[in-house]
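Listed below are the residues making up each chain.
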Amino acid sequence: MDGEVPMLHAPQLAGLTREIRNYVTQGSGALAKILDEEPPDLAALVVADEDWREAPRETARPYPPGLPYFTRSVEPPALVLPETLSAAFRPRTEATLPLTVWHELAHAFLLRSEVVRTPAWLGEFVSQATAAAVARRVGLPLEGYLSEIDRKPGFTVRGFGGPAGASEQMSFQNLLLLLGAAALEEFGEGFVGRVVRALREETEVVGEGRAEELLAGALGPGGRAWLASRPEF
Ligand SMILES: [Zn+2]
């Protein structure tokens, strides 16, 4: 299916693909403005459940069904989106699918060039804050979605680590979304581009202390104290 981003889909998924294409087009336009750069060369694949094991990926073993991802194993790099989103995606509102698409799109923008390793929370924070920034730009209200999030899952974004089940992963992502939405309220969307540019300038593995410093700096004056005040952090 034609579009700014070419969409490839199973024949029976034309309807879902049209819906996803809208989110991709909105997201890629908003991201180009937020980050002040052209969209990367990209395709999107909408994969039928029965084809999931055949979808392009970085590893020999298929990824768990229903989890969207971004892969550079094909040319151009591609967003891979499942016919059926895993049941782990919670809460379910009209914002769930667009947020998921924008999250992967943000990974695609960030990974257009090599980026050094960072603590997982920082890379995922960038994608979640970016998804929330796109929602603001296109006028998709997030209140309903945010109000259904468990705000006290028993860990903070920095404390989350090690292997975790799908529901803990989702709680982690939702905490990052809360933090991102709150940061947008407090500082405006400029920090999203600043943190992405700061990450691209790093030449060595970013450790925990450096990651916190980068984010606080990107938020701007008062960033460090604000982060320290946030229960998610
Ligand atoms: Zn991610």
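Everything below is about the structure shown above.
Definitions and limits used
- Sequence order sets the numbering: in each chain, residues are counted from 1 along the sequence as written.
- Since the coordinates come from a predicted model, pLDDT governs what is reported: local features require at least 70, and pairs of side-chain atoms require 80 or more to be given and counted, while whole-chain, interface and lining totals use all residues.
- To obtain the side-chain values, all non-hydrogen atoms of the structure were used and water was disregarded.
- In this scheme, strands are said to pair when DSSP sees at least two bridges between them.
- Strands here mean DSSP runs of E at least two residues long; helices mean DSSP runs of H or I at least four residues long; both are numbered from the N terminus.
- All axes here are fitted lines through C-alpha atoms, helices being fitted over the stretch that makes contact, and every angle between N-to-C directions spans 0 to 180 degrees.
- Note on contacts: a residue pair qualifies if any of its non-hydrogen atoms lie within 4.5 Å across the two residues.
- Here a donor is any nitrogen, oxygen or sulfur atom (N, O, S) within 2.8 Å of the metal, with 3.2 Å used for Na, K and Ca; water is not among the atoms considered, so some sites may look incomplete.
- Oblique is the label for any angle not covered by the other classes, which are roughly parallel (under 35 degrees), roughly antiparallel (over 145) and roughly perpendicular (65 to 115).
- Amino acid classes used here: Ala, Val, Leu, Ile, Met, Phe, Trp, Tyr, Cys and Pro are nonpolar; Asp, Glu, Lys and Arg are charged; the rest, including Gly, are polar.
- Throughout this description, the term nonpolar core refers to a set of buried Ala, Val, Leu, Ile, Met, Phe, Trp, Tyr and Cys residues connected via side-chain atoms within 4.5 Å.
- Throughout, exposure labels follow a simple rule: accessible area from a 1.4 Å probe, protein chains only, divided by the maximum for the residue type, with under 20% read as buried, over 50% as exposed, and the rest as partly exposed.
- Throughout, a crossing is termed right-handed when the near helix is turned clockwise from the far one, and left-handed when it is turned anticlockwise from it by less than a right angle.
- Buriedness for pockets is judged along seven lines, at least five of which must meet protein on both sides within 12 Å for an open set on the 1 Å grid over protein atoms alone, while cavities are sets there where a 1.4 Å probe fits but cannot get out, and lining residues have an atom within 4 Å of a point.
- Grid points are joined across faces, edges and corners, and a volume is the space filled by probe spheres set on the points.

Colleague: Help me understand the sheet that holds strand β3 (residues 69-71), please; the structure alone is not making it clear to me.
Modeller: In any sheet, the strands associate via hydrogen bonds between backbone groups, in a parallel or an antiparallel arrangement. Strands sit in the order β1-β2-β4-β3 across an open sheet of four strands; the sheet is mixed. In this open sheet, the two edge strands, each paired with only one partner strand, are β1 (7-9) and β3. Adjacent strand axes in the sheet meet at a mean angle of 25° when their direction is disregarded. Looking at chain direction, β1 and strand β2 (residues 43-47) are connected through three bridges and run parallel. What sits directly across from L8, in β2, is L45. Sitting on the sheet, helix α1 (residues 14-35) is in contact with β1, β2 and β4 (78-82), with an inclination near 155° to β1.

Colleague: Please clarify how the coordination of the zinc ion should be interpreted in this entry.
Modeller: For a metal with four tetrahedral donors the ideal donor-metal-donor angle is 109.5 degrees, while six octahedral donors give ideal angles of 90 or 180 degrees. In this structure, H103 (NE2), H107 (NE2) and E124 (OE) serve as the protein donors to the zinc ion, at separations of 2.0 to 2.1 Å. Ordering the donors of the zinc ion by residue number gives the pattern H-x3-H-x16-E. Here E124 lies in helix α3 (residues 120-138) and H107 lies in helix α2 (residues 96-110), a separation of 17 residues in the sequence.

Colleague: I keep staring at the environment of L110 and nothing clicks. Help me out?
Modeller: Topologically, L110 is positioned in helix α2. Along the primary structure L110 and L35 are separated by 75 residues, whereas in three dimensions their C-alpha atoms are 9.6 Å apart. Apart from the residues within four sequence positions on either side, L110 is in contact with V115, V196, L199 and R200.

Colleague: I tried to follow the packing of α1 against α3 on my own but got confused; where do I start?
Modeller: Packed helix pairs are characterised by how far apart their axes lie and by the angle those axes make with each other. Close contact between α1 and α3 brings their axes to 9 Å; oriented N to C, the two are set at 105°. Here α1 lies roughly perpendicular to α3, going by the angle between them. Contacts from Q26, G27, A30, L31, K33 and I34 of α1 reach α3 at T130, A133, V134, R137 and V138. Here the residues of the contact of α1 with α3 are counted per class, giving six nonpolar, three polar and two charged.

Colleague: Explanation requested: the nonpolar core in the structure shown.
Modeller: Nonpolar side chains in soluble globular proteins tend to be buried together. Counting 73 residues, the largest nonpolar core has L79, W102 and L215 as the members making the most contacts within it. Top element by residues in this core is helix α5 (residues 166-187). It accounts for 11 residues. Discounting chain neighbours no more than four positions away, the residues touching L215 are W121, L122, F125, V195, L227 and F233. Residues L45, V47, A55 and A78 belong to the second largest nonpolar core, which totals seven residues.

Colleague: Whenever I open this one, the packing of α3 against α5 confuses me. Can you help?
Modeller: For the pair α3 and α5, the least separation of the axes is 8 Å and the interaxial angle reads 55°. Comparing their axes, α5 and α3 come out oblique. By crossing handedness, the relation of α3 to α5 is classed as right-handed. Taking contact as the criterion, the partners of A120, W121, E124, F125, Q128, A129, A132, A133 and R136 in α3 are, on α5, F172, Q173, N174, L176, L177, L179, G180, A181, L184 and E185. Of the residues contributing to the contact of α3 with α5, the split by class is 12 nonpolar, four polar and three charged.

Colleague: Just checking my understanding: could you explain the layout of surface pockets for this structure?
Modeller: Space left empty within the atom packing is revealed by a probe, the size of a water molecule, rolled over the atoms. Reported here for the largest pocket is a volume of approximately 1,300 Å³. Every residue lining the largest pocket is counted, 39 residues in all, and those nearest its centre are H103, E104, H107, E124 and Q173. Elements that contribute at least two residues to the lining of the largest pocket include exactly β3, α2, α3 and α5. A per-class count over the lining of the largest pocket returns 21 nonpolar, 13 polar and five charged. Reported here for the second largest pocket is a volume of approximately 240 Å³.

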